[in-house]
Amino acid sequence: MLLITSREAKRWVIPKGNPAPGLHAHNAAALEAEEEAGVLGLVCPVPLGSYRYRKRRRSGASLLIDVDVFPLAVSGELDQWKEQHERERRWFSLADAADAVDEPDLRDLIRSFGQSEFRAATQRTGLLQAVAQGSKVGHMFAWFQRLLPKTGNFFDLFEAHAVTVVAGADALARLLQDGSAEHIREVIEREHDADEIIREVLQTVRRTFLTPFDRGAIIGLIGALDDAIDEMQATVQAIDLYEVKAFEPEMKDMAAIIVDAARLTAEAMPLLRDVGRNGTRLHELTERLVRMESHADEIHTAGLKRAYKELGPVDPLRFSVHREVYKHLERIVDAFEDVANEIDGLVIDHA
């Protein structure tokens, strides 16, 4: 997480400021991040939460300020920016960032990212490497494992699939920012990685004696995860087919929601190893995923309506292309809601 210093007290804070009239709060947050921290990226329009701090005005008044916090996935750092000579910027681990800020509520929001799970999910590892890191079992013990009742490595596979989903969402977001065809190829490659994982899951279900969850629940969860990355591939293929180079603000907002939904999904997967103990946190994550899907529906409707008014009468073909892109973006978010529903089912059954 990137923090900056305040102008006067030089304490560690996040970029923030008062939104300009007519500017949505999340767009204002992205503008403050660019001006104060010199970073660019897509910002999720659904806030993580809020915190309160006391600000001293130049008049001498000391006022309590409520701040809504929006997650921004940084895709670029500027060499020069508006306030570079007034502040210091520094990357922290999530634990160190939480310790560095003064506000208790902001500290809790930072910790809510789930450091180890988020860091693991953002590493673009292959299936075998992800499974090996998760299991920590060397090849020399393979003979011993074969003597035990088969329970499968489903948790490793869930987490490995989440890696592909996060990487695909990140590449999709970068595509909607700069339009580079390299990101299209990256999403497609991540979808191929996911295909290998889901085939392994289906084979493991067939040959496993003891499964941690009902077989239908396992297939339902991995299927919902796979739908998310499949729809990402369908989205970039449509963008490539119709040679879309510029993207509307609502499309970028939906992509930012997708990035944050992928992050939440990646945090949830390791918690499934002990559903009973982690049931409360899993429910918090799925509740947020469902709220984000509802917000994405509103953005989808607003974007489609604006495209119809601006393009429908004058350029119906271009409107049809926009509608196609919106449709795929909506389906990605819907897939994450399905993931949330599958996880909730596991919590109900096992917690």
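Counting restarts for each chain: residues are numbered from 1 in the order of the written sequence. Where local features are concerned, this predicted model is filtered to residues with pLDDT of at least 70; where side-chain atom pairs are given and counted, the filter is 80 or more; whole-chain, interface and lining totals use all residues. Only hydrogens and water are removed before side-chain values are computed, so all heavy atoms of the structure are retained for them.

- Taking an unreviewed UniProt entry as the reference, the protein chain is identified by name as DUF47 family protein belonging to Allosphingosinicella ginsenosidimutans.
- The UniProt entry for the protein chain carries this comment under Sequence similarities (unreviewed entry): "Belongs to the UPF0111 family." UniProt positions are given in the numbering used here, feature names are shortened, and annotations may be inferred rather than shown by experiment.

### So, the overall build of the protein chain
Here is step 1: Helix and strand definitions here come from DSSP, where helices need a minimum of 4 consecutive H or I residues and strands a minimum of 2 consecutive E residues; each element is numbered from the N-terminal end. For the protein chain, the count of helices and strands is 12 helices and 7 strands.
Here is step 2: Exposure is judged per residue with a 1.4 Å probe applied to protein chains only, and the accessible area is read against the type maximum: over 50% gives exposed, under 20% gives buried, and values in between give partly exposed. Going through the 351 residues of the protein chain one by one, you find that 47% of them count as buried.
Here is step 3: Residue contacts are defined here by distance: any two heavy atoms, one from each residue, within 4.5 Å place the two residues in contact. A separation threshold of at least 6 residues defines the contact pool for the protein chain, and within that pool the share at least 24 residues apart is 75%.
Here is step 4: If you sum the accessible surface of the protein chain, you get close to 17,900 Å²; carbon and sulfur atoms cover 51% of it. Here, Shrake-Rupley sampling with a 1.4 Å probe gives the accessible areas, and only protein chains in the shown set may cover a residue.

### Considering the packing of helix α7 (residues 154-178) against helix α10 (residues 249-271)
Helix packing for two helices is described by the angle between their axes and how far apart those axes are.
Here is step 1: Note on method: axes are straight lines fitted to C-alpha atoms, helices fitted across the in-contact stretch only, with angles between N-to-C directions ranging 0 to 180 degrees. Running from N to C, α7 and α10 cross one another at 165°; their axes reach a closest spacing of 9 Å. Relative to α10, the element α7 lies roughly antiparallel. Crossing hand, α7 versus α10: left-handed. In this structure, α7 contributes Phe-158, Glu-159, Ala-162, Val-165, Val-166, Ala-169, Leu-172, Ala-173 and Leu-176 to the contact, and α10 contributes Met-251, Lys-252, Ala-255, Ile-258, Val-259, Ala-262, Arg-263, Ala-266, Met-269 and Pro-270.
Here is step 2: Gly counts as polar in this scheme, as do all residues outside two lists: the nonpolar Ala, Val, Leu, Ile, Met, Phe, Trp, Tyr, Cys and Pro, and the charged Asp, Glu, Lys and Arg. Across the contact of α7 with α10, the residue classes tally to 16 nonpolar, no polar and 3 charged. When an angle is under 35 degrees it counts as roughly parallel; over 145 it counts as roughly antiparallel; between 65 and 115 it counts as roughly perpendicular; any other value is oblique. Note on convention: the crossing is left-handed when the near helix lies turned anticlockwise from the far helix by less than a right angle, right-handed when the turn is clockwise.

### Some remarks on the environment of Thr-211
Here is step 1: Along the chain, Thr-211 turns up in the loop between α8 (181-207) and α9 (215-241).
Here is step 2: Remark: the alpha-carbon pair of Thr-211 and Asn-153, spanning 58 residues in sequence, is separated by 9.2 Å.
Here is step 3: A 3.5 Å cut-off defines polar contacts: any pair of N or O atoms within that distance qualifies, except that in protein one atom must be a possible hydrogen donor and the other a possible acceptor, and neighbouring residues in sequence count only when both atoms are side-chain atoms. One polar contact links the side chain of Thr-211 to the main-chain carbonyl oxygen of Phe-213, over a distance of 2.7 Å.

### Observations concerning the sheet that holds strand β1 (residues 2-5)
Here is step 1: Between any two strands, at least two bridges found by DSSP are needed for them to pair. The 3 strands lie next to each other as β2-β1-β7, forming an open sheet whose pairing is antiparallel. Of all strands in the sheet, those bounded by a partner on one side alone are β2 (12-13) and β7 (89-91).
Here is step 2: By the bridge criterion, 2 bridges tie β1 to β2 in an arrangement that is antiparallel. Within β2, the residue paired with Thr-5 across the bridge is Trp-12.

### Observations regarding the pairing of β1
Here is step 1: Side-chain alternation along β1 places Leu-2 and Ile-4 on one buried face and Leu-3 and Thr-5 on a second face that is also buried.
Here is step 2: Adjacent in sequence and paired antiparallel, β1 and β2 are bridged by 6 residues, among which Lys-10 carries a positive phi angle near 60°.

### So, the packing of aromatic side chains
Here is step 1: Pairing of aromatic side chains here covers Phe, Tyr and the six-membered ring of Trp, requires ring centres within 6.5 Å, and sorts the geometry by plane angle: under 30 degrees stacked, over 60 edge-to-face, intermediate tilted. Within this structure, the stated rule accounts for 5 aromatic pairs.
Here is step 2: Ring centres 5.0 Å apart and planes at 75° place the aromatic pair Trp-12 and Phe-92 in the edge-to-face group. One end of the pair, Trp-12, is in strand β2; the other, Phe-92, is in the loop between β7 and α2 (94-100), with 80 residues separating them in the sequence.
Here is step 3: Their ring planes at 35° and their centres at 6.2 Å tell us that Tyr-51 and Tyr-53 sit as a pair that is tilted.
Here is step 4: On the basis of relative accessibility, which here comes to 2%, the residue Tyr-51 falls in the buried class.
Here is step 5: A relative accessible area of 11% means that Tyr-53 is categorised as buried.
Here is step 6: Grouping aromatic residues by their ring pairs yields a cluster made of Phe-155, Phe-158 and Phe-213.
Here is step 7: In this structure, Lys-16 is placed above the aromatic ring of Tyr-53, and the distance from its NZ or CZ to the ring centre is 4.9 Å. Should the NZ of a Lys or the CZ of an Arg lie within 6 Å of a ring centre and within 35 degrees of the ring normal, that charge is described as sitting over the ring.

### Some details on the pattern of salt bridges
Here is step 1: Each reported salt bridge corresponds to a side-chain nitrogen of Lys or Arg within 4 Å of a carboxyl oxygen of Asp or Glu. The tally for this structure, following the rule as stated, stands at 25 salt bridges.
Here is step 2: The partner of Glu-186 in a salt bridge is Arg-174, and the shortest N-O contact between them spans 3.2 Å. Placement of the pair is Glu-186 in helix α8 and Arg-174 in helix α7, with a sequence separation of 12 residues. The exposure classification of Glu-186 matches that of Arg-174, with both residues buried.
Here is step 3: Close ionic contact of Glu-250 with Arg-306 constitutes a salt bridge, the shortest N to O distance being 2.9 Å. Here Glu-250 is found in helix α10, whereas its partner Arg-306 is found in helix α11 (residues 275-311), with 56 residues between them in sequence.
Here is step 4: With a relative accessible area of 13%, Glu-250 lands in the buried category.

### Comments concerning the side chain of Glu-32
Here is step 1: Relative to the assigned elements, Glu-32 resides in helix α1 (residues 25-37).
Here is step 2: An unpaired buried charge is present at Glu-32: no salt bridge exists, and Arg-87, the closest side chain of opposite charge, is 6.5 Å distant.
Here is step 3: Apart from the residues within four sequence positions on either side, Glu-32 is in contact with Pro-15, Lys-16, Gly-17, Asn-18 and Ala-37. Charge counting treats Lys and Arg as positive and Asp and Glu as negative, with His and both chain ends excluded.

### Points about the side chain of Asp-253
Here is step 1: With respect to the helices and strands, Asp-253 occurs in helix α10.
Here is step 2: The charged side chain of Asp-253 is buried without a salt bridge, its nearest counter-charge being Arg-306 at 8.8 Å.
Here is step 3: Polar side-chain contacts of Asp-253 include one of 3.0 Å to the side chain of His-26.
Here is step 4: Those residues in contact with Asp-253 that sit more than four places away from it in its chain are His-26, Asn-27, Val-43, Pro-45 and Ile-299.

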